[in-house]
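Given next are the chains, with one letter for each unit.
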Amino acid sequence: MWGGKGTREMAVTRCVCREVSFERIARLAAELRAAGVEPDAEMMRSMTGCGTGCGTCMPYVAEVVRTGRVSLEVIPGSPQRPAGGGGP
Ligand code: FES
């Protein structure tokens, strides 16, 4: 799953600005699906406040909603630093 040495500490697990964990987002997305609502990242933003700071986490939030994964690798080509990830 991990790309190699040093990648684990670069896992992205939350919106740092608003302290919203991806676990919370995944749980909320699952609850919405169970209620017959198809969630998306914008919905998560309005419901939790994630993404309302720097906005860096939004591609990750979309991935959490899409896959249910709560610990994500840095998205290649992302122009911004990952939320909660380490630097080079
Ligand atoms: S990390 Fe989510 S808004 Fe900044």
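Keep in mind it's a predicted model, so treat the numbers as computed, not measured.

Conventions and cut-offs
Here, residues in each chain are numbered from 1, in the same order as that chain's written sequence. Local features are withheld for residues below a pLDDT of 70 in this predicted model, meaning they are given only at 70 or higher, and side-chain atom pairs are given and counted only at 80 or more; totals for whole chains, interfaces and linings count all residues. A run of DSSP states H or I qualifies as a helix once it reaches four residues; a run of E qualifies as a strand once it reaches two. Both are numbered from the N-terminal end. Buried, partly exposed and exposed are defined by the number of other C-beta atoms within 10 Å of a residue's own C-beta, namely 20 or more, between the two limits, and 12 or fewer respectively, with C-beta atoms placed from the backbone. Residues are scored as being in contact if the C-beta atoms we place from backbone atoms lie within 7 Å. Looking at any residue, its pLDDT shows the predictor's confidence there, from 0 to 100. Multiplying one less than the number of residues by 1.5 Å gives the expected span of a helix. Note that the arc is defined by the directions from the helix axis to the C-beta atoms. Definition of nonpolar core: a set of buried Ala, Val, Leu, Ile, Met, Phe, Trp, Tyr and Cys residues joined via C-beta atoms within 7 Å.

## Description of the overall build of the chain
Move 1: Helix and strand counts for the chain come out as 3 helices and 2 strands.
Move 2: Along its sequence from the N terminus, the chain presents helices and strands in the succession β-β-α-α-α.
Move 3: Looking at the chain residue by residue over its 88 residues, the buried ones come to 26%.
Move 4: Of the contacts made within the chain by residues no fewer than 6 positions apart, 60% connect residues no fewer than 24 positions apart.

## A short note on unusual backbone geometry
Move 1: Of note in this structure, Glu19 is not a glycine but carries a positive phi near 50°.
Move 2: Of the residues examined, Glu19 has 12 C-beta atoms within 10 Å and is grouped as exposed.

## Observations regarding the confidence of the model for the chain
Move 1: Confidence in the prediction for the chain averages 85 pLDDT; 77% of positions are at 70 or higher.
Move 2: Every residue in residues 82-88 is under pLDDT 50, and counting partners more than four places away or in other chains gives 22 contacts.

## Details of helix α1 (residues 22-34)
Move 1: Along its 13 residues, α1 runs 18 Å from first to last C-alpha, staying within 8% of the 18 Å computed at 1.5 Å per residue.
Move 2: Burial in α1 covers these residues: Phe22, Ile25 and Ala29. One face of α1 carries all of its buried residues, which in axial projection span an arc of 55°. Along α1, exposed side chains directed more than 90 degrees from the buried face belong to Glu31 and Ala34.
Move 3: On the buried face of α1, the contacting elements are β1 (14-15), β2 (20-21), α2 (41-48) and α3 (58-67).
Move 4: Count one or two residues on from α1 and you reach Gly36, which has phi positive near 90°.

## Regarding the nonpolar core
Move 1: Judged by nonpolar contacts, the single largest core of 15 residues is most densely connected at Ile25, Met44, Cys50, Tyr60, Val61, Val64 and Val65.
Move 2: Of all the secondary-structure elements, those providing two or more residues to this core are α1, α2 and α3.
Move 3: Among the elements that line this core, the one with the most residues is α3, at 4 residues.
Move 4: In this structure, Val61 is in contact with Ile25, Ala41, Met44, Cys50 and Gly51, ignoring residues within four places of it in sequence.

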